[in-house]
Amino acid sequence: LATHLSDRHPRIHISADHWRDIAEFLLREPAIRLDWLQNLSGIDYVADQQMCCCYDLWSFEHRHMIAVKVFTPRNRPSIPSVADLWSAADWHEREAYDMFGIDFPGHPDLRRILCADDWEGFPLRKDYQFPREYHGIPASVELDWQHKPDYPK
């Protein structure tokens, strides 16, 4: 979709449909060999009706890095799992699922990791409305603290 190789955060943008093949190539191609997933961050682009995960990848052998932003529609976010390629993706994908609601088909154990199993919604989505209470426990002492999202204005 796009390349930003001379940016402070060198990266490529791709659609989720191509992620699995590209991930395998980036890991297994001897000249590239990106063998460490440093970080995986979910991002909500509510204005564009898209979500993405940014995968920061590093090669210990070649001492180079690149980020891959994998885009998916916001109404049904789904990105193929790479937990079998980079073991760090296991927990990172669970966090992106828990906070953003992004599905990762092929993940070995996709379930909430930070919120309770019965938590409703995805707290890092920009349109999330924080609940006033959870099982009778007040969420805040301030009456209107983050009750309504401030996005879009």
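In this text, all values refer to a predicted model and were calculated from it rather than measured experimentally. (Residues numbered from 1 in each chain as written. Predicted model: local features only at pLDDT ≥ 70, side-chain atom pairs only at ≥ 80, totals over all residues. Heavy atoms only, no water.)

Caption draft 1: Geometry of the sheet that holds strand β1 (residues 2-4). Read from one edge to the other, the open sheet built from five strands follows the order β1-β2-β5-β4-β3, with strand pairing classed as mixed. Every other strand in the sheet has two partners, leaving β1 and β3 (36-45) as the edge strands with one partner each. Sheet twist, expressed as the average angle between the axes of neighbouring strands with direction ignored, equals 20°. Both β3 and strand β4 (residues 50-59) contribute to a ladder of nine bridges, which runs antiparallel. Residue pairing for β4: W36 is matched across the bridge by W58. Packed onto the sheet, helix α1 (residues 16-28) meets β2 (11-15), β4 and β5 (64-73) and runs at close to 135° relative to β2. Across the sheet, helix α2 (residues 89-100) lies against β3 and β4, angled at about 10° from β3, the strand it touches most. (Pairing = 2+ DSSP bridges. Helix = DSSP H or I, 4+ residues; strand = E, 2+ residues; numbered from the N terminus. Axes fitted to C-alpha atoms, helices over the stretch in contact; angles between N-to-C directions. Contact = heavy atoms within 4.5 Å.)

Caption draft 2: View of the side chain of D44. As for its position among the elements, D44 is in strand β3. Within the structure, the side chain of D44 is placed 3.2 Å from the backbone nitrogen of V46, a separation counted as a polar contact. In terms of polar contacts, D44 uses its side chain to reach the side chain of R74, at 2.7 Å. Other than its neighbours up to four places away in sequence, D44 contacts Q50, M51, R74, F100, L124, R125 and K126. (Polar contact = N/O pair within 3.5 Å; in protein donor to acceptor, adjacent residues only side chain to side chain.)

Caption draft 3: Structural view of the environment of R76. Among the secondary structure elements, R76 is positioned in the loop between β5 and α2. Sequence separation of R76 and G101 is 25 residues, and the distance between their C-alpha atoms is 8.7 Å.

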